Each structure stands twice: as structure tokens, then as C-alpha cells.
Amino acid sequence: MPVDSRADLNRQCLRSWERILSKLVATDGCGPGEMRVVVDVSDFGGSVRPTYSEGIGWGMLFAAIMDRPGHSTEGVFDGLNAYRKHHMTPLGFMNWRILANGKTGSPGVAVEADENIAMALLIAHIQWGSPGRTNYLWEFRRLSCALLKDCVLPGENLLKPGDTWGGKDLLHPANWKPAYWRAWEIAVPEPRWALVRKATGSLIQRVTEMSTTGLPPHWCRDDGTQTKAVNPYFADYTFDYDALQLPIHNALELAWCGPEEAPEAAGMNAKIAKWGKSNPEMATSKIRDGYALDGKIIGKNRSAAFLASFMLATASSKDDQAYAKECFVALVKDEPGDSTYYQAIIRLYGLLVASGNFPDIPAWLQSHPLPREFPKQ
């Protein structure tokens, strides 16, 4: 993506990470050696400073990536991982909502969090190896296998939003991460991840065709249509704070393998870019935090997360680089310190993908074959 210099992107990645590390990584409510990522606003349940498995997943992922000479992040990674293992379900996933006092606020699994945890463990093995106190490779393979066993719809090969909930009538585009699955096909090794990737690619293509803007929904059925859920949250069919992750996931896959290998990701992002570039209401000063799939603005607030999503959608569409740069400039003006929990997380995720600092895991695995046998713990 064209910016004044590669250093601009690197500098913004570092500032965003330092903001997360100083403001959101905490030890209160933790056991010995543990760390957690706090939600810095009261959540929908009214609890103060809770932790979501989502935050642990992103925190572990960022810690694994942001390690650099003289500034080791392995201790942060291990602290977050210890907290994660303290709050696991019997099937090996993390309970999704933990209160500030360390008690479980809401049991159950949010699969997108465990996907990030699995990828973080794989990157940790690449960064630091697995001969020490924690066998990152063993933990990665155990979790990725559990995701396949308990969270993939048999026959349809689509990833559910949870282990014991969700299904063909309730799917969550935020957890469609084909780039990850490309890596896991090699690293587990498990060819079934290719089936999940291909089935999800077909659904991404259908969602793109159904949306006049290319924007994906918060929740959908296995044919891309709106759910019939009684709960309004699960019936939401708008481009919201969760749905905005998918264009960034698409951009990561395109960075790793290109549009020829990932035509569904390319198609969605190109359609979003074409709509955004041609729509006066999508000027960066007017971007808000929510859209109907026809492009109507339904959000009221400015949002670093939405800026990051539109930046990556357009940056991965070669004809729309100028608009991508406008989004980046606007994103830089939204200081990391002004971002709340989720804004800060998505801001850094988008910057890591845009800057190329999210490592190309499949390429690394091709040149550094892992042992095929399941490592011993």
C-alpha cells in the first residue's frame, strides 16, 4: 500500500502495540504468572474490566508477532497463555467471558478467539521454538484438531461460531479465516482444513454476489441469507463491528497467495473497494461504525476499526490504492490512545496486514517443514 515510507506503517504498528500493552494488558484478577487483556469499558452485562477470550486470542497473536531484538514479548505471550489455560472448557477451548475477579462470567466458546489462539501458538513455535516450559507446537496442534473435531459442520465443512452452538442456520463471517486454514493444512498437517477453506470460499462468493456493496453480514445462514433467530443479536444482518473483520481476513489471504489462488477474497474486497471509491458518503471523514448491506449508514460514531477494514479492502484491490492511502492517513490521525479495546485491536490487526508485518506462515512452513508426527507433551 503506498504510504510515505514503510517506516510509517511500522511506526504505527509499534505505537498501537504499545498502547495495547500499556492500557489493556493487566495482571489484576489473574493467578501467579498470568496476564489478561481487559475490556476498558463496561460490557453489555454491566461488568467492569472483564476479559473476553477474543481479547486473549488477539493479545497472544500480537505478542507472538511483535517480538523484536531487545524487546522480547515471550513473557507476555506466556502470561496470556497461562490465563487462557486457567479458563478452559473440558473440550480444550477458552470460556469466552471472564469477570475482573477471575470468575467465569459466561461459559461457552467463541470460535474466532480460539482460531487466533491456535495461530498465535503456531507463530510462537516459529518465533521461539518449543523446547522450553511450554510446547507451543503441541498446544497448537491439539487446539487446531479440537476445532476440526468439535466446531466444523459435518458434511458442509463450515466452521460454527461455537463448539456446542451455532450451525447451518447460524454462521459468523468474522471467523472465516481461510489464510489461517491454508497454514494449518501444512502445519497440523490436516487436509480437512482445505475442505473447510473451499466450502467457506464458496459461501464468501455467494455473500458477495448477494450484497450490492460486497459488504458481509454479522450473522447468516449457510446459503448467505439472513438468520431467523429470535434473538435480535443473532438476527443482525448488517455490516457491524464483527463483520468488518472479514475484509481484513481476505486481505491477509491475498497477501499470502494472491487473487488467482483466492478469487473469493479478491472478489469481495474488490466489490467493497469499488463501492467505497464511488460513494461520496464513504469519504474518510464520513465513515461511521455500521452499514446496511446496501451501503446505507446506520452507525453514528467514527471508528478506527471501520477505517482499518475499508483500508484493507481497498489496499488489496490494485485499482484503488489512493483511497486506501486516504484511509491510512485518517487512521493515523485517530491516535491509538483514543481507541477503546476493540478499536485498538482491529487497528493493529489492520496495520500488521497492511505493512506486511503479519508473517507469511505458509511460506515459512514450506521452507521449514515441521515434524509430521504429533509432538509429545
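Conventions adopted
- Throughout this document, residue positions are counted from 1 along each chain, in the order its sequence is written.
- It should be noted that, the model being predicted, local features are given only for residues of pLDDT at least 70 and side-chain atom pairs only at 80 or more, the latter also being counted only at that level, while totals for whole chains, interfaces and linings use all residues.
- Side-chain calculation: all heavy atoms of the structure are included, whereas hydrogens and water are not.
- When two rings of Phe, Tyr or Trp (its six-membered ring) have centres within 6.5 Å they constitute a pair, described as stacked for plane angles under 30 degrees, edge-to-face for angles over 60, and tilted for the intermediate range.
- Ring-over charges, as used throughout, are those where CZ of Arg or NZ of Lys falls within 6 Å of the ring centre and within 35 degrees of the ring normal.
- By salt bridge we mean one thing: a side-chain nitrogen of Lys or Arg within 4 Å of a carboxyl oxygen of Asp or Glu.
- Categorising residues by exposure relies on relative accessible area from a 1.4 Å probe, with only protein chains included: less than 20% of the type maximum marks a residue as buried, more than 50% marks it as exposed, and the intermediate range marks it as partly exposed.
- Put simply, DSSP H or I for four residues or longer makes a helix, DSSP E for two residues or longer makes a strand, and each gets a number counted from the N terminus.
- The length a helix should cover is 1.5 Å for every residue beyond the first.
- One bridge is not enough; two strands pair if DSSP finds at least two bridges between them.
- Contact between two residues is taken to exist if any of their heavy atoms lie within 4.5 Å; hydrogens are not considered.
- Axis definition: a line fitted to C-alpha atoms, over the contacting stretch in the case of helices. Angles run 0 to 180 degrees between N-to-C directions.
- By the definition used in this description, the sense in which the near helix is turned from the far one sets the handedness, with an anticlockwise turn below a right angle giving left-handed and a clockwise turn giving right-handed.
- In this classification, the charged set is Asp, Glu, Lys and Arg, the nonpolar set is Ala, Val, Leu, Ile, Met, Phe, Trp, Tyr, Cys and Pro, and all remaining amino acids, among them Gly, are polar.

Caption draft 1: Structural detail: the packing of aromatic side chains. Going through the model one piece at a time under the given rule, you end up with 27 aromatic pairs. Consider the rings of Tyr233 and Phe234, whose centres lie 5.1 Å apart with planes at 75°: the pair is edge-to-face. One aromatic cluster in this structure is built from Trp58, Phe62, Phe140, Tyr180, Trp181, Trp184, Trp193, Trp256, Tyr349 and Phe358. Over the ring of Trp58 we find Lys177, and its NZ or CZ is 5.3 Å from the ring centre.

Caption draft 2: A look at the pattern of salt bridges. As enumerated under the stated definition, the model contains 14 salt bridges in all. Between Asp223 and Arg221 there is a salt bridge, and its shortest N-O distance comes to 4.0 Å. A relative accessible area of 28% means that Asp223 is categorised as partly exposed. The network of salt bridges with shared partners includes Asp28, Arg36 and Arg49.

Caption draft 3: Representation of helix 9 (residues 245–257) in the model. The end-to-end C-alpha distance of helix 9 is 19 Å, a good match for the 18 Å that 13 residues give at a rise of 1.5 Å each. In terms of burial, helix 9 is a largely internal element, 11 of the 13 residues being buried. All of the buried residues along helix 9 are Gln245, Leu246, Pro247, Ile248, His249, Asn250, Ala251, Leu252, Glu253, Leu254 and Trp256. Once helix 9 ends, the next one or two residues include Gly258, with phi positive near 85°.

Caption draft 4: Layout of the sheet that holds strand 5 (residues 104–106). Across the sheet, which stays open at both edges, the 3 strands sit in the order 3-4-5 with antiparallel pairing between neighbours. The open sheet is flanked by strand 3 (51–52) and strand 5, the only strands paired with a single partner. With 2 bridges connecting them, strand 4 (residues 97–98) and strand 5 associate as antiparallel partners. The residue of strand 5 that forms the bridge with Ile98 is Thr104.

Caption draft 5: Up close: the environment of Trp184. Among the secondary structure elements, Trp184 is positioned in helix 6 (residues 178–187). Spatially, the C-alpha atom of Trp184 lies 22 Å from that of Gln205, the residues being 21 residues apart in sequence. In this view, Trp184 contacts Glu115, Ala118, Met119, Leu122, Phe140, Ser144, Leu147, Pro189, Glu190 and Trp193; residues no more than four positions away in its chain are not counted.

Caption draft 6: A look at the packing of helix 2 (residues 53–66) against helix 13 (residues 341–355). Direction vectors running N to C along helix 2 and helix 13 enclose 35°, while the axes themselves pass 11 Å from each other. Seen along the crossing, helix 2 lies across helix 13 with a hand that is left-handed. Of helix 13, the residues touching helix 2 (which contributes Glu54, Gly55, Trp58, Phe62, Ile65 and Met66) are Tyr341, Tyr342, Ile345, Ile346, Leu348, Tyr349 and Leu352. Per-class residue counts for the contact of helix 2 with helix 13 are 11 nonpolar, 1 polar and 1 charged.

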